[in-house]
Amino acid sequence: DTGVSQDPRHKITKRGQNVTFRCDPISEHNRLYWYRQTLGQGPEFLTYFQNEAQLEKSRLLSDRFSAERPKGSFSTLEIQRTEQGDSAMYLCASSLTQGVRTNEKLFFGSGTQLSVL
Amino acid sequence: GNSVTQMEGPVTLSEEAFLTINCTYTATGYPSLFWYVQYPGEGLQLLLKATKADDKGSNKGFEATYRKETTSFHLEKGSVQVSDSAVYFCALSDNGSNYKLTFGKGTLLTVNP
């Protein structure tokens, strides 16, 4: 079990540039989640996938944000035309959900720290 | 909407001291409650959880009891160790699933030898 891995660990970009982050979940996990954490705050839910289907998106996820999980394995989160307010830690988590009853345990990655200058 | 309010840190204790980190919540329905811990350089880890009123979650010497009457889920440990130094997050989920969590701001705990 290698855990949830995220790449890169740190990203510095200039305002207006596009950035893309990658998340590799635990291999057998069918659900994948993205959260965002700003300085001094707890993580905030952004979106989640069950296999390749994106099932829910938060209002925090503006149209500049897009997430994909094309083959139901790794996921990417892209931010277009970055703004300084996008500076945050972007966290990925995964879980194994079986059946209707959802009582799964989330496993978080270490996050990608984005700094927009 | 849902919200979680937890004790502001940082909290600094000596080894073997008693720990309490307060957490209160606002939610509709019957949320599940969680404590997550983040050690330096690592991802968030589930520490313990409780899914209904009066349940007690426990793990690694930490405990928290789901108190519906006071809407609280305070984290306690009788004797902290240096290795407990971390950021602790209280969280809830209210939709029957554990994925859409509402977190508190986190409390930094430092335990000195």
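Look a little higher up for the structure.
Residues numbered from 1 in each chain as written. Chains lettered and ligands numbered in written order. Predicted model: local features only at pLDDT ≥ 70, side-chain atom pairs only at ≥ 80, totals over all residues. Heavy atoms only, no water.

(A) View of the state of the cysteines. Using the criterion set out here, one finds two disulfides over all chains in the structure. Each disulfide pairs two cysteine sulfurs, and for Cys 23 of chain A the partner residue is Cys 92 of chain A, the sulfurs being separated by 1.9 Å. Across the S-S bond linking Cys 23 of chain A and Cys 92 of chain A, the dihedral sits near -70°, which makes this disulfide left-handed. Of the two residues, Cys 23 of chain A sits in strand β3 (residues 19-24) while Cys 92 of chain A sits in strand β9 (residues 88-95), which places them 69 residues apart along the sequence. The exposure class assigned to Cys 23 of chain A is buried, which follows from its relative accessible area of 0%. Here Cys 23 of chain B is linked by a disulfide to Cys 90 of chain B, with a sulfur-sulfur distance of 1.9 Å. On the sign convention where negative means left-handed, the S-S torsion of about -70° between Cys 23 of chain B and Cys 90 of chain B marks this disulfide as left-handed. Note that Cys 23 of chain B is positioned in strand β4 (residues 23-26) and Cys 90 of chain B in strand β10 (residues 86-93), a separation of 67 residues in sequence. (Disulfide = S-S within 2.5 Å. Helix = DSSP H or I, 4+ residues; strand = E, 2+ residues; numbered from the N terminus. Buried < 20%, exposed > 50% of the residue type's maximum accessible area, 1.4 Å probe, protein only.)

(B) Expanded view of unusual backbone geometry. Here the amide bond leading from Asp 7 of chain A into Pro 8 of chain A is cis, since omega sits at -5°, within 30 degrees of zero. Along the chain, Pro 8 of chain A turns up in the loop between β1 (5-7) and β2 (10-13). With an omega dihedral of -5°, the bond running from Gly 9 of chain B to Pro 10 of chain B counts as a cis peptide bond. Its location among the elements puts Pro 10 of chain B in the loop between β1 (3-6) and β2 (11-14). Within the chain, Glu 16 of chain B stands out as a residue other than glycine whose phi angle is a positive 80°. Position of Glu 16 of chain B among the secondary structure elements: in the loop between β2 and β3 (19-21).

(C) Structural context of the packing of aromatic side chains. Throughout the structure, instances matching the rule amount to 14 aromatic pairs over all chains. An angle of 85° between the planes, with centres 5.7 Å apart, marks the rings of Phe 108 of chain A and Tyr 36 of chain B as edge-to-face. Of this pair, Phe 108 of chain A sits in strand β10 (residues 107-108) while Tyr 36 of chain B sits in strand β5 (residues 32-38), on two different chains. The structure contains a cluster of three or more aromatic residues connected by ring pairs, namely Tyr 33, Tyr 35, Phe 45, Tyr 48 and Phe 108 of chain A together with Phe 34, Tyr 36, Phe 89 and Phe 103 of chain B. The ring of Phe 74 of chain A carries the charged tip of Arg 22 of chain A above its face, separated from the ring centre by 3.9 Å. (Phe/Tyr/Trp six-rings, centres within 6.5 Å; stacked < 30°, edge-to-face > 60°. Lys NZ or Arg CZ within 6 Å of the ring centre and 35° of its normal.)

(D) Region of the structure containing the pattern of salt bridges. Scanning all chains against the criterion turns up seven salt bridges over all chains. The shortest N-O distance in the salt bridge between Arg 22 of chain A and Asp 24 of chain A comes to 2.7 Å. In this structure, Asp 84 of chain B engages Lys 77 of chain B in a salt bridge whose closest nitrogen and oxygen atoms are separated by 2.8 Å. Using a relative accessible area of 6% as the deciding quantity, one classes Asp 84 of chain B as buried. (Salt bridge = Lys/Arg side-chain N within 4 Å of Asp/Glu carboxyl O.)

(E) Main features of the sheet that holds strand β7 (residues 65-68) of chain A. All names here are of chain A. Pairing is antiparallel in the open sheet, where four strands are placed in the order β1-β3-β8-β7. Two strands bound the open sheet, and with one partner strand each, they are β1 and β7. Strand-to-strand twist in this sheet, taken as the mean axis angle between neighbours without regard to direction, amounts to 15°. Alignment of β1 against β3, held across three bridges, turns out to be antiparallel. Paired with Asp 7 across the two strands is Arg 22, which belongs to β3. (Pairing = 2+ DSSP bridges. Axes fitted to C-alpha atoms, helices over the stretch in contact; angles between N-to-C directions.)

(F) Representation of the pairing of strand β8 (residues 75-79) of chain A. Residues and elements named next belong to chain A. Across the five residues of β8, four count as buried, placing the element largely inside the fold. Bridge analysis of β3 against β8 gives five bridges, and the strand direction is antiparallel. Bridge pairing in β8 links Phe 21 to Leu 77. In this sheet, β8 lies alongside β7 in antiparallel orientation, the contact comprising four bridges.

That is the geometry; function is a separate question.
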